[in-house]
Amino acid sequence: PALVIAMGEIQIAGEGKDEVRENVLEYANELMREHWHIGIGYMNFMSRFADRFSGFDVTTLTGKVQRGMSIHNAFQAWLVEGGVPIVLIVLLMFARYFGTLRNKSKASSHRNEILLFETLAIVMVQLLVTGWHHQVHQSQIFWMMLGFVFALRHKGTVTPSLPTSDIFDRRAPEVRQRS
């Protein structure tokens, strides 16, 4: 029976059990237990799922037939498809991401920069929370944010004459150096 939530005079029935998601979750957990050490390979879950369960061929908007279902949880996808090596790489990547933001924020005396660094941290945390239901690593904004922060990490070594605090200063470098 569906869950019913009463809100004043309106009643909203909750969703019933989603058997597709249950099958995806259970099969991904099974593969995780079997292949935790090296994974099954990137994007291999969909075809394995299609081989195991029938009736999951979907035609995309472009007319391409897609077999199977993808894992809906980014963390589970990283472990199932990449195993421990990918999980370690992802952990290192996020340690560097948040460490860079923390270090840049501590080193900055500009309010706008500090706000930018804090915003980048908050948005990434939100993306990671979303990762429980979606594969955020297939999102362009995810990779753009990583690229931006990793570029900030190396900004001082690429152009040592321009301190990080000048990233919002749009004047020519010669003008910045004179002031």
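These notes cover the structure that comes with them. (Residues numbered from 1 in each chain as written. Predicted model: local features only at pLDDT ≥ 70, side-chain atom pairs only at ≥ 80, totals over all residues. Heavy atoms only, no water.)

## Things to note about the overall build of the protein chain
Moving on, step 1. The secondary structure content of the protein chain amounts to seven helices and four strands.
Moving on, step 2. Shown N-terminal to C-terminal, the secondary structure of the protein chain runs as helices and strands in the order β-β-α-α-β-β-α-α-α-α-α.
Moving on, step 3. In the protein chain, buried positions account for 31% of the 179 residues.
Moving on, step 4. Sequence separation of 24 or more characterises 57% of the internal contacts of the protein chain that already satisfy a separation of 6 or more.
Moving on, step 5. Of the accessible surface of the protein chain, which amounts to about 12,000 Å², a share of 61% is contributed by carbon and sulfur atoms. (Helix = DSSP H or I, 4+ residues; strand = E, 2+ residues; numbered from the N terminus. Buried < 20%, exposed > 50% of the residue type's maximum accessible area, 1.4 Å probe, protein only. Contact = heavy atoms within 4.5 Å. Areas by Shrake-Rupley, 256 points an atom, 1.4 Å probe, with all protein chains shown as cover.)

## Some details on the environment of T100
Moving on, step 1. Along the chain, T100 turns up in helix α3 (residues 74-107).
Moving on, step 2. As a C-alpha pair, T100 and V149 span 49 residues in sequence and 7.1 Å in three-dimensional space.
Moving on, step 3. Discounting chain neighbours no more than four positions away, the residues touching T100 are V149 and R153.

## Here's the deal with the nonpolar core
Moving on, step 1. Among the nonpolar cores identified, the biggest contains 19 residues, and F94, Y97, L101, M124 and F142 are the most heavily contacted of them.
Moving on, step 2. Secondary-structure elements contributing two or more residues to this core are α3, α4 (111-130) and α5 (140-153).
Moving on, step 3. Counting residues per element, this core draws most heavily on α3, at seven residues.
Moving on, step 4. In this structure M124 touches F94, Y97, F98, F142, M145 and L146, once residues within four positions along its chain are discounted.
Moving on, step 5. Within the second largest apolar cluster, 13 residues are counted, among which are M32, F56, A77 and V80. (Core = buried A, V, L, I, M, F, W, Y, C linked by side-chain atoms within 4.5 Å.)

## Considerations on the packing of α3 against α5
Moving on, step 1. Closest axis-to-axis distance for the α3/α5 pair is 9 Å, and the angle between their directions is 55°. The angle between α3 and α5 falls in the class oblique. As for how α3 packs across α5, the hand of that crossing is left-handed. Contacts from M93, F94, R96, Y97, T100, L101 and K104 in α3 reach F142, W143, M145, L146, V149, F150, L152 and R153 in α5. (Axes fitted to C-alpha atoms, helices over the stretch in contact; angles between N-to-C directions. Parallel < 35°, antiparallel > 145°, perpendicular 65-115°, else oblique. Left-handed = near helix turned anticlockwise from the far one by under 90°.)

## As for the pattern of salt bridges
Moving on, step 1. As enumerated under the stated definition, the model contains two salt bridges in all.
Moving on, step 2. Ionic pairing is found between R52 and E30, a salt bridge with its closest N-O pair at 2.9 Å. One end of the pair, R52, is in helix α2 (residues 45-52); the other, E30, is in helix α1 (residues 19-35), and 22 residues separate them in sequence.
Moving on, step 3. E30 sits in the partly exposed class, given a relative accessible area of 25%.
Moving on, step 4. The salt bridge partner of R67 is D51, with a shortest N-O separation of 3.0 Å. (Salt bridge = Lys/Arg side-chain N within 4 Å of Asp/Glu carboxyl O.)

## Description of a nonpolar patch on the surface
Moving on, step 1. On the surface, V125, V129 and W132 cluster together into a nonpolar patch covering about 320 Å² of accessible area.
Moving on, step 2. Mapping V129 onto the fold places it in helix α4. (Patch = residues over 30% accessible without salt bridge, like charges linked within 9 Å, V, L, I, M, F, W, Y side chains within 5 Å.)

## What about α3?
Moving on, step 1. With 34 residues, α3 should cover 50 Å at 1.5 Å per step; its first-to-last C-alpha distance of 33 Å lies more than 12% under that length.
Moving on, step 2. Along α3, the largest kink reaches about 130° and is centred on G82; proline P85 follows within four residues of it.
Moving on, step 3. Of the residues that open α3, the one with a side-chain oxygen 2.8 Å from the backbone nitrogen of F75 is N73. (Expected span 1.5 Å × (residues − 1). Bend = angle between axes of the 7 residues up to and from the residue. Polar contact = N/O pair within 3.5 Å; in protein donor to acceptor, adjacent residues only side chain to side chain.)

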